[in-house]
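Chain residues, written in single-letter form:
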Amino acid sequence: MRVSYYPGCTLSTKARGYDRSGRAVAAALGVELVELPEWQCCGATFPLATDNSLALIAPTRVLYQAEQAGEQVAALCAICYHVLKRTQTTLERDLEMRERINWFTEQEYQGRVRVVHLLELLRDEPGWDGLAERVTRPLKGLRAAPYYGCLLLRPYDEIRLDDPESPTILHDLLRALGAEPVDFPYNVECCGSYITVKEPKISETMSRDIVASAREHGAQVIVTACPLCQFNLDYPQRETEFGRSGEEIPVVYFTQLMAVALGLPEEDWGLEEYYVDPRPLFRD
Amino acid sequence: MATAFELDLTFGREVQTRSGAPVLRCYFCQKCTAGCPVAYAMDYKPAQVLRLIQLGQRDVVLSSSAIWLCVGCEACGTRCPNQIRLAPMFDTLRYMALEEGYSPDPAVYALHRSFLDSIRLWGRVHELTMLMEYKLRSPFGSDLLADIRVGLTLLLKGKITHLPERVRGLAQVRRLYKEAERRSSTEVET
């Protein structure tokens, strides 16, 4: 199966390990992610005020490019996914808005393309049982805390990936890989997002609560689908006060655990760039 | 400073219409405040902002720091028993504050400007130049040296590249910017 792929700015720079492992595991499962031939930034925030249609232009331009290429476009970055999916939903419901944006961009976006997260794609094909069958190196005994954050799930009305308060999609994936998903109360809490640039102290407090909670519940690793969550949870453990006070816990993308469990070579794991090094967990 | 009872009875309706969030429905259960990860840093908590809107306190709300702290995680809107989505409400309040001449939190504004400028220049976000611009735009005692440390670590880890990528459709991206700016009424200078 070939599916168009929108990497987004962060996956081509800061989160290259996510991109690399994502492409590798998809390929191993028979899904070829074909990067859109031409793409720009999605805008990274979805416009919320009803009269702010300008901010829909960037994501619509992406959807237009995707529509030329096929029926679906896959994203890995939770932020890009959030923005593109909500734009798709909005322009499905609001035809007047779609016309206005098309008039502005001078491109005819028809509203046919469907935005999917790689998690959704794999849940449907090969499915969790199918995935479990392809695991060659089960992550036996690995206690992994699935951390969903906010943008992947909310608002449910427009995203509809999973339950916004008690999601299970990452839990199911981890079970298929042979790992033991660790429930912890902060798993749908926000990490602070871009507030980390402006108010690092606030963001650090938020990350500290999340990391501490995962650790108290016995997790050995935190699993995420969002590059900003990865940074916000990983970086302060090394570079600020709170990390030095307790044990560290690595923060990885779900695709990286998949790469390990599917027996892909170490360069496909993309695990070498983190503050808290996750690799010792996977060395026999 | 607003005196205690300067009522603006149009305020609530205006916020409701522009945000699509039925803010007048709130009966103050405070679930939003309880679940908000940044509430502790706000001058008025999310539920208090709702109540101030209902009480027509335009000036108090639009000059509060709370409206600039919401990051739109949508925890509040997901949990509200009255289906009030506070994230669109906060976004609307930020627009209203800009339109009515309240000065935005300079750091937030600098961040948003730098982000937009990065895309205008390259079509994609380039963290290094974006954050450099942000730092230069924020002369308000920001800790430049601390951030140089973060930047250097990221560069050394190969996490941010020295040179930005440019996209092929850049000419169109820039044309869209020009058009958008011509139409935008919320452009402010700091």
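Residues numbered from 1 in each chain as written. Chains lettered and ligands numbered in written order. Predicted model: local features only at pLDDT ≥ 70, side-chain atom pairs only at ≥ 80, totals over all residues. Heavy atoms only, no water.

1. Looking at the packing of helix 10 (residues 200-216) of chain A against helix 11 (residues 227-239) of chain A
Residues and elements named next belong to chain A. Put simply, helix 10 and helix 11 touch, their axes get as near as 9 Å, and they point 95° apart. Our classification of the angle between helix 10 and helix 11 gives roughly perpendicular. Contact residues: helix 10 offers S203, E204, S207, I210 and V211, while helix 11 offers N232, L233, P236 and Q237. Tallied by class, residues from the contact of helix 10 with helix 11 come to 4 nonpolar, 4 polar and 1 charged. (Axes fitted to C-alpha atoms, helices over the stretch in contact; angles between N-to-C directions. Helix = DSSP H or I, 4+ residues; strand = E, 2+ residues; numbered from the N terminus. Parallel < 35°, antiparallel > 145°, perpendicular 65-115°, else oblique. Contact = heavy atoms within 4.5 Å. Nonpolar A, V, L, I, M, F, W, Y, C, P; charged D, E, K, R; others polar.)

2. Examining the interface of chain A and chain B
The interface of chain A with chain B comprises 56 residues on the first partner and 58 residues on the second. Taken over both partners, the interface formed by chain A and chain B buries close to 4700 Å², and the fraction arising from carbon and sulfur atoms is 57%. The largest share of the area that chain A buries against chain B comes from A:L48, A:F104 and A:K198, three residues that together contribute 13% of it. Taken together, chain A and chain B are joined by 3 salt bridges. Inspection of the chain A/chain B interface yields 4 residue pairs in polar contact (both at pLDDT 80 or more). (Buried area = accessible area lost by both parts, 1.4 Å probe. Salt bridge = Lys/Arg side-chain N within 4 Å of Asp/Glu carboxyl O. Polar contact = N/O pair within 3.5 Å; in protein donor to acceptor, adjacent residues only side chain to side chain.)

3. Brief notes about the sheet that holds strand 7 (residues 221-224) of chain A
Residues and elements named next belong to chain A. Ordered in space as 6-5-7-8, the 4 strands form an open sheet in which the pairing is parallel. Of all strands in the sheet, those bounded by a partner on one side alone are strand 6 (180-181) and strand 8 (251-253). Sheet analysis places strand 5 (residues 143-146) next to strand 6, joined by 2 bridges and oriented parallel. When the sheet's bridge partners are listed, R143 is paired in strand 6 with E180. (Pairing = 2+ DSSP bridges.)

4. Details of helix 10 of chain A
Residues and elements named next belong to chain A. Compared with the 24 Å implied by 1.5 Å per residue over 17 residues, the 24 Å span of helix 10 between its first and last C-alpha is a close match. All buried positions along helix 10 are accounted for by I202, S203, E204, M206, S207, I210, V211, S213 and A214. One or two positions beyond helix 10, positive phi appears at G218, with a value near 90°. (Expected span 1.5 Å × (residues − 1). Buried < 20%, exposed > 50% of the residue type's maximum accessible area, 1.4 Å probe, protein only.)

5. So, the confidence of the model for chain B
All names here are of chain B. When pLDDT is averaged across chain B, the result is 80; 74% of the residues are at 70 or more. Looking across chain B, the model is least confident in helix 10 (residues 144-156), with a mean pLDDT of 60, and most confident in helix 3 (residues 46-54), with 97. Across residues 185-190 the pLDDT falls below 50, and counting only partners more than four positions away or on other chains, this stretch makes 9 contacts in the model. (pLDDT = per-residue confidence, 0-100.)

6. Topic: the domain arrangement of chain A
All names here are of chain A. Segmenting chain A into domains produces domain 1 (2-118) and domain 2 (126-282). On a C-alpha basis, the centres of domain 1 and domain 2 stand 23 Å from each other. Facing 29 residues of domain 1, the contacting portion of domain 2 comprises 31 residues. Of the roughly 2500 Å² buried where domain 1 meets domain 2, counting both sides, 65% is carbon and sulfur surface. By the criterion of area lost to domain 2, the three top residues of domain 1 are Y18, R20 and L29, representing 24% of everything that side buries. On the surface where domain 1 and domain 2 come into contact, there are 3 salt bridges. (Domains from an automatic or database assignment.)

7. Some words on the sheet that holds strand 4 (residues 114-117) of chain A
Residue and element names in this part refer to chain A. Spatially, 4 strands are ordered 2-1-3-4 in an open sheet, and the strand pairing comes out parallel. Of all the strands in the sheet, just strand 2 (32-35) and strand 4 have a single pairing partner and so form its edges. Each strand of the sheet is rotated relative to its neighbour by a mean of 45°, with strand direction disregarded. Pairing analysis gives 4 bridges linking strand 1 (residues 2-6) to strand 2, with the strands arranged parallel. Bridging from a neighbouring strand, R2 pairs with E32 of strand 2. Sheet strands touched by helix 1 (residues 16-28): strand 1, strand 2 and strand 4. Its angle to strand 2, the strand with the most contacts, is close to 135°.

8. Focus on the pairing of strand 1 of chain A
Residue and element names in this part refer to chain A. Within strand 1, 4 of the 5 residues are buried, leaving the element largely enclosed by the surrounding structure. Read from strand 1 through helix 1 to strand 2, the crossover connection turns out right-handed. Pairing of strand 1 with strand 3 (residues 72-75) involves 3 bridges; the strand directions are parallel. Paired with Y5 across the two strands is A74, which belongs to strand 3. (Right-handed = clockwise from strand over helix to strand, strands pointing away.)

9. Brief notes about the environment of A:P138
Residue and element names in this part refer to chain A. Structurally, the position occupied by P138 is in the loop between helix 6 (127-134) and strand 5. The exposure class assigned to P138 is partly exposed, which follows from its relative accessible area of 41%. Separated by 38 residues in sequence, P138 and A176 place their C-alpha atoms 8.6 Å apart.

10. Details of helix 4 (residues 95-105) of chain A
Residues and elements named next belong to chain A. Restricting attention to buried positions, one finds in helix 4 the residues M97, R98, I101, N102, F104 and T105. Looking straight down helix 4, one finds that the buried residues subtend no more than 160° of arc, so they occupy a single side. Looking at helix 4, the residues exposed on the side facing more than 90 degrees away from the buried face are E96, E99 and W103. Two residues or fewer after helix 4 comes E106, characterised by a positive phi angle close to 60°. (Arc of directions from axis to C-beta.)

11. Describing unusual backbone geometry
Residues and elements named next belong to chain A. Residue P126 follows E125 across a cis peptide bond; omega there is 10°. Along the polypeptide, P126 turns up in the loop between helix 5 (118-124) and helix 6. Here R154 and P155 are connected by a cis peptide whose omega angle stands at -5°. Take P155: it is sitting in the loop between strand 5 and helix 7 (156-159). In this structure, R160 is a non-glycine residue whose phi angle is positive, near 55°. As for its placement among the helices and strands, R160 is situated in the loop between helix 7 and helix 8 (169-176). Note on R160: relative accessible area 48%, which makes it partly exposed.

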